[in-house]
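Descriptive analysis of the structure
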Amino acid sequence: ETAVFQTPNYHVTQVGNEVSFNCKQTLGHDTMYWYKQDSKKLLKIMFSYNNKQLIVNETVPRRFSPQSSDKAHLNLRIKSVEPEDSAVYLCASSWDWGVAEQFFGPGTRLTVL
Amino acid sequence: QQQVRQSPQSLTVWEGETAILNCSYEDSTFNYFPWYQQFPGEGPALLISISSVSDKKEDGRFTIFFNKREKKLSLHITDSQPGDSATYFCAARNNNAPRFGAGTKLTVKP
């Protein structure tokens, strides 16, 4: 099956903890993205990697850091989570940076207590 | 600053009616406009897209109308079905990262 896979589906944690989310795409795409979707459904791009190289780093807090081992994997680490980090984190991929169509994973819902 | 705006925020239609979802943008360099459909608990899925060189794109019951001069586009869903109930996102793309609108939540009543 070719798609974008994310783990975990849900994660509940306490303020100050560290969390990591994983994303894998089996579509053979060169570009991967992390988005944050808040409770109002607003989608904001956080990071993008093109063939393992970071090419977009929107203004996000330093406690967020993307990690890519190869072009099929893009993980997201959050050090010392805060309540405002509660959201759905969506991973996406596209054939290339210049390609508008993106394929999204199902998301990881983070709840920070 | 919201570069891509969508209206209405929510829309309810009856089964069989045509739903019209609107989108506008500010940046004239945007040249590609994909629409995504998102069901609860899932990620957005590409539905239909249009480039700025076209004024209409049709795919089954889904049609995009594009007005470059006014920087507006709309998604028409004809013969709406309850299964079309979802949130629809308009996105815009140039050489930078894609920008998404805030979405329109569509409810189709049987």
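Since the structure is predicted, the reported quantities are computational estimates derived from the model, not experimental observations. (Residues numbered from 1 in each chain as written. Chains lettered and ligands numbered in written order. Predicted model: local features only at pLDDT ≥ 70, side-chain atom pairs only at ≥ 80, totals over all residues. Heavy atoms only, no water.)

1. Thoughts on unusual backbone geometry
Most peptide bonds are trans, and most residues other than glycine sit at a negative phi. Which entries qualify depends on this criterion: Under the scheme used here, helices are H or I runs from DSSP no shorter than 4 residues and strands are E runs no shorter than 2 residues, and both carry numbers assigned from the N terminus. Residue exposure (1.4 Å probe, protein chains only): buried if accessible area is under 20% of the type maximum, exposed if over 50%, otherwise partly exposed.
Cis peptide bonds are those with omega within 30 degrees of zero, and the linkage from Thr7 of chain A to Pro8 of chain A qualifies with -5 degrees. Within the fold, Pro8 of chain A resides in the loop between β1 (4-7) and β2 (10-13). Following Ser7 of chain B, the chain continues to Pro8 of chain B via a peptide bond in cis, the omega torsion being -10 degrees. With respect to the element layout, Pro8 of chain B can be found in the loop between β1 (4-7) and β2 (10-14). Phi is positive for Lys41 of chain A, close to 75 degrees, though the residue is something other than glycine. Here Lys41 of chain A lies in the loop between β4 (31-37) and β5 (43-50). Judged by relative accessible area, which is 29%, Lys41 of chain A ranks as partly exposed. Residues other than glycine seldom take positive phi values, yet Ser80 of chain A does so here, at roughly 55 degrees.

2. Looking at the side chain of Thr87 of chain B
This is how it is decided: In this analysis, two residues are considered to be in contact whenever any of their non-hydrogen atoms come within 4.5 Å of each other.
Considering the arrangement of structural elements, one finds Thr87 of chain B in strand β9 (residues 86-92). A residue is classified by how much of its surface remains accessible, and Thr87 of chain B, at 8% relative accessible area, is buried. Apart from residues lying up to four places away in sequence, Thr87 of chain B is in contact with Lys41 of chain A together with Tyr36, Gln37, Gln38, Gly103, Thr104 and Lys105 of chain B.

3. Considering the state of the cysteines
Which entries qualify depends on this criterion: In plain terms, two cysteine sulfur atoms within 2.5 Å form what is called a disulfide here.
According to the stated counting rule, one finds 2 disulfides over all chains in the structure shown. The disulfide partner of Cys23 of chain A is Cys91 of chain A, and the gap between their sulfur atoms is 1.9 Å. Residues Cys23 of chain A and Cys91 of chain A are joined through a disulfide that is left-handed, its torsion about the S-S bond being -75 degrees. Of this pair, Cys23 of chain A sits in strand β3 (residues 19-25) while Cys91 of chain A sits in strand β9 (residues 87-94), and the two are 68 residues apart along the sequence. No difference in accessibility class separates Cys23 of chain A from Cys91 of chain A, as the two residues are buried. At a sulfur-sulfur separation of 2.0 Å, the disulfide partner of Cys23 of chain B is Cys90 of chain B.

4. Here's the deal with the nonpolar core
Side chains of nonpolar character tend, in soluble globular proteins, to be buried together. Where we set the bar: Think of a nonpolar core as a cluster: buried Ala, Val, Leu, Ile, Met, Phe, Trp, Tyr and Cys residues, connected wherever their side-chain atoms sit within 4.5 Å.
By size, the foremost hydrophobic cluster in this structure holds 25 residues, and its most contacted members are Trp35, Leu73, Leu75 and Tyr88 of chain B. Secondary-structure elements contributing two or more residues to this core are β2, β3 (19-25), β4 (32-38), β5 (45-51), β7 (62-67), β8 (72-77), β9 and β11 (104-109) of chain B. Grouped together as the second largest cluster of nonpolar side chains are 19 residues, Val4, Met32, Phe47 and Val112 of chain A included.

5. Section: the layout of surface pockets
Here is the rule we go by: Within this scheme a cavity is a closed region of a 1 Å grid, computed over the protein atoms alone, that accommodates a 1.4 Å probe without allowing it to escape, whereas a pocket is open but has protein on both sides within 12 Å along at least five of seven lines; lining residues each have an atom within 4 Å of a point. Grid points are joined across faces, edges and corners, and a volume is the space filled by probe spheres set on the points. Under the scheme applied here, ten amino acids are nonpolar (Ala, Val, Leu, Ile, Met, Phe, Trp, Tyr, Cys and Pro), four are charged (Asp, Glu, Lys and Arg), and all others, including Gly, are polar.
Of the pockets and cavities examined, the largest pocket occupies roughly 550 Å³. Lining the largest pocket are 22 residues, with Leu43, Lys44, Ile45 and Glu58 of chain A together with Arg99 of chain B positioned closest to its centre. Breaking the lining of the largest pocket down by element, the ones donating at least two residues are β5 of chain A together with β10 (99-100) of chain B. Counting residues per element, the lining of the largest pocket draws most heavily on β5 of chain A, which supplies 4 residues. Residues of the lining of the largest pocket, tallied by class, amount to 10 nonpolar, 4 polar and 8 charged.

6. A closer look at the packing of aromatic side chains
Just so we agree on the cut-off: For this analysis, a ring pair means two rings from Phe, Tyr or Trp (six-membered ring only for Trp) whose centres lie within 6.5 Å, classed as stacked if their planes differ by under 30 degrees, edge-to-face if by over 60, and tilted for the remaining angles.
Evaluated as defined, the whole model comprises 12 aromatic pairs over all chains. With 6.2 Å between their ring centres and 35 degrees between their planes, Phe64 of chain A and Tyr89 of chain A make a pair best called tilted. Here Tyr89 of chain A lies in strand β9 and Phe64 of chain A lies in strand β7 (residues 64-70), a separation of 25 residues in the sequence. Of the two residues examined, Phe64 of chain A and Tyr89 of chain A, each falls in the buried class. With a centroid separation of 6.2 Å and 80 degrees between ring planes, the pair formed by Phe104 of chain A and Phe100 of chain B is classed as edge-to-face. Pair noted here: Phe104 of chain A is in strand β10 (residues 103-104) and Phe100 of chain B is in strand β10, and the two residues belong to different chains. A single burial state applies to Phe104 of chain A and to Phe100 of chain B, both of which are buried. Following the ring pairs from residue to residue traces out a cluster consisting of Tyr33, Tyr35 and Phe104 of chain A together with Tyr36 and Phe100 of chain B.

Spatial relationships are all this shows, so hold off on functional conclusions.
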